[in-house]
Amino acid sequence: MYEPIRSKSVHSTMADGTPDFPHRSRGEELDIQLAGHLAALLAVTDELRALEPGPGLDTAADRLAEQVARLRGGRPPVRLQVAAAEPAPCPATLHRRAHTLAARALVVAASRADTAVAILTAERMDAHAAALEPRELASR
């Protein structure tokens with residue numbers, strides 16, 4: 001009823017030989033993911049710095065850039081140069097986005113046991129939540 005297979009299978013297992021592409025460890029994958037989340041958080045922080053300049057955001061941006069560079073093997077992140085945009089972005093929206101990005105980074109930092117990044121992202125979550133509270137109370 002069925003004809004036997006006469007050619008070699010196109011599917012192979014890892015036991016068949018050495019792979020012809022590099023594999024990354026779980027730790028390396030988490031580093032890449034964490035660096036991406038922190039770089040996105042840095043971009044939003046730079047946007048907020050342009051709208052609401054202050055030493056707190058400057059310090060946070062520098063610390064985020066330092067951690068991204070560490071995770072990327074010393075390569076510094078590309079920093080956002082924000083020009084005046086029309087219409088100007090809503091600071092509350094940026095704070096919500098930054099809070100969400102910090103939460104994502106915190107989850108990855110916890111899974112890879114990176115205490116420095118976990119502390120930094122928890123601080124950023126607190127700062128963005130605090131920045132949202134007066135705005136949300138005023139809008140009620």
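Just above, that's the structure.
Residues numbered from 1 in each chain as written. Predicted model: local features only at pLDDT ≥ 70, side-chain atom pairs only at ≥ 80, totals over all residues. Heavy atoms only, no water.

## Structural notes on the overall build of the protein chain
Moving on, step 1. For the protein chain, the helix and strand inventory stands at four helices and zero strands.
Moving on, step 2. Ordered by position in the sequence, the α and β elements of the protein chain form the string α-α-α-α.
Moving on, step 3. Taking all 140 residues of the protein chain together, the buried fraction comes to 29%.
Moving on, step 4. Within the protein chain, residue pairs in contact and separated by at least 24 positions form 73% of the contacts whose partners lie at least 6 positions apart.
Moving on, step 5. Counting only carbon and sulfur atoms, one obtains 57% of the accessible surface of the protein chain, whose full area is about 9400 Å². (Helix = DSSP H or I, 4+ residues; strand = E, 2+ residues; numbered from the N terminus. Buried < 20%, exposed > 50% of the residue type's maximum accessible area, 1.4 Å probe, protein only. Contact = heavy atoms within 4.5 Å. Areas by Shrake-Rupley, 256 points an atom, 1.4 Å probe, with all protein chains shown as cover.)

## What to know about helix 2 (residues 55–71)
Moving on, step 1. Across its 17 residues, helix 2 extends 25 Å between first and last C-alpha, which sits within 8% of the 24 Å expected from 1.5 Å per residue.
Moving on, step 2. Every buried residue of helix 2 is listed here: Leu57, Ala60, Ala61, Leu64, Ala65, Gln67, Val68, Ala69 and Leu71.
Moving on, step 3. Immediately beyond the C-terminal end of helix 2, within one or two residues, lies Gly73, with a positive phi of roughly 70 degrees. (Expected span 1.5 Å × (residues − 1).)

## Some thoughts on the side chain of Gln67
Moving on, step 1. Relative to the elements of secondary structure, Gln67 occurs in helix 2.
Moving on, step 2. Judged by relative accessible area, which is 10%, Gln67 ranks as buried.
Moving on, step 3. Residue contacts for Gln67: discarding those within four places in its chain leaves Leu38, Ala116, Val117 and Leu120.

## Describing the packing of helix 1 (residues 26–51) against helix 3 (residues 91–111)
Moving on, step 1. One can describe the packing of helix 1 onto helix 3 by two numbers: an axis separation of 9 Å at closest approach and a directional angle of 160 degrees. On the basis of the axis angle, helix 1 is roughly antiparallel to helix 3. Along this stretch, helix 1 crosses helix 3, giving a crossing that reads as left-handed. Contact residues: Arg26, Leu30, Gln33, Leu34, His37, Leu38, Ala40, Leu41, Val44, Glu47, Leu48 and Leu51 in helix 1; Pro91, Leu94, His95, Arg97, Ala98, Leu101, Ala102, Arg104, Ala105, Val108, Ala109 and Ser111 in helix 3. (Axes fitted to C-alpha atoms, helices over the stretch in contact; angles between N-to-C directions. Parallel < 35°, antiparallel > 145°, perpendicular 65-115°, else oblique. Left-handed = near helix turned anticlockwise from the far one by under 90°.)

## Thoughts on the pattern of salt bridges
Moving on, step 1. Taken as a whole and judged by the stated rule, the model has seven salt bridges.
Moving on, step 2. Measuring nitrogen to oxygen at the nearest pair gives 2.8 Å for the salt bridge that ties Arg49 to Asp46. In this pair, Arg49 and Asp46 both sit in helix 1, three residues apart, roughly one turn of the helix.
Moving on, step 3. Through salt bridges with shared partners, a single network forms among Asp31, Arg70, Arg112 and Asp114. (Salt bridge = Lys/Arg side-chain N within 4 Å of Asp/Glu carboxyl O.)

## Here's the deal with the packing of helix 1 against helix 2
Working note: a packed helix pair is described by the angle between its axes plus the distance between those axes.
Moving on, step 1. Between helix 1 and helix 2, the shortest axis-to-axis distance is 9 Å and the interhelical angle comes to 155 degrees. By the angle between their directions, the pair helix 1 and helix 2 is classed as roughly antiparallel. Considering how the two elements wind past one another, helix 1 and helix 2 form a crossing that is left-handed. Within the contact between the two elements, helix 1 uses Asp31, Leu34, Ala35, Leu38, Ala39, Leu41, Leu42, Thr45, Asp46, Leu48 and Arg49 and helix 2 uses Leu57, Asp58, Ala61, Leu64, Ala65, Gln67, Val68 and Leu71.
Moving on, step 2. Looking at the contact of helix 1 with helix 2, its residues break down into 13 nonpolar, two polar and four charged. (Nonpolar A, V, L, I, M, F, W, Y, C, P; charged D, E, K, R; others polar.)

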